[in-house]
Amino acid sequence: VQLVESGGGLVQPGGSLRLSCRASGFTFSSYDMTWYRQAPGKERELVATITSAGASTNYADSVKGRFTISRDNAKNTVFLQMNSLKPEDTAVYYCKTRAGWPLRNYWGQGIQVTVSS
């Protein structure tokens, strides 16, 4: 299983970024996908989750109305569209799935998002 994030970088407050996570090594369309983030000195926190077919999503209160999680099962990719970014969104963002048998957690390598003027 491999998860590879892309799309991070430096953006000004109020700006937007779109993160992508390309998956391989498992049946992507069968498993929920989740984005997490970890800011310096803080614990890793769940940002957004999407079910296997994309029918249901869930968000942390801190990002509701600003972030959108989506997926393209034909391309084995999950996305995180981040709008109205704030300095407190600065963190390393990770995609994660729980897959395989027995089920276990798999994490991407993480990608830096910095929101600063």
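Here the structure is a predicted model, which means the values were calculated and not measured.

1. A look at the pattern of salt bridges
In total, this model carries four salt bridges according to the counting rule given. One salt bridge connects aspartate 61 with lysine 64, and the closest N-O pair in it is separated by 3.2 Å. Residues participating in the shared-partner salt-bridge network are Arg37, Glu45, Arg66 and Asp89.

2. Concerning the state of the cysteines
Going through the model one piece at a time under the given rule, you end up with one disulfide. Between the sulfur atoms of cysteine 21 and its disulfide mate cysteine 95 the distance is 1.9 Å. Across the S-S bond of cysteine 21 and cysteine 95 the torsion is about 50°, and the bridge reads as right-handed. Taken together, the positions of cysteine 21 in strand β3 (residues 17–24) and cysteine 95 in strand β9 (residues 91–99) put the pair 74 residues apart, joining distant regions of the chain. The exposure class of cysteine 21 is buried, given its relative accessible area of 0%.

3. Things to note about the nonpolar core
Among the nonpolar cores identified, the biggest contains 31 residues, and Trp35, Leu80, Met82 and Tyr93 are the most heavily contacted of them. Contributions of two or more residues to this core are made by β3, β4 (33–38), β5 (45–50), β7 (67–72), β8 (77–82), β9 and β11 (111–115). Once residues within four sequence positions are removed from consideration, tyrosine 93 is found in contact with Glu5, Leu19, Trp35, Tyr36, Arg37, Val47, Phe67, Leu80, Met82, Gly110, Ile111 and Val113.

Conventions adopted
- Residues numbered from 1 in each chain as written.
- Predicted model: local features only at pLDDT ≥ 70, side-chain atom pairs only at ≥ 80, totals over all residues.
- Heavy atoms only, no water.
- Salt bridge = Lys/Arg side-chain N within 4 Å of Asp/Glu carboxyl O.
- Disulfide = S-S within 2.5 Å.
- Helix = DSSP H or I, 4+ residues; strand = E, 2+ residues; numbered from the N terminus.
- Buried < 20%, exposed > 50% of the residue type's maximum accessible area, 1.4 Å probe, protein only.
- Core = buried A, V, L, I, M, F, W, Y, C linked by side-chain atoms within 4.5 Å.
- Contact = heavy atoms within 4.5 Å.

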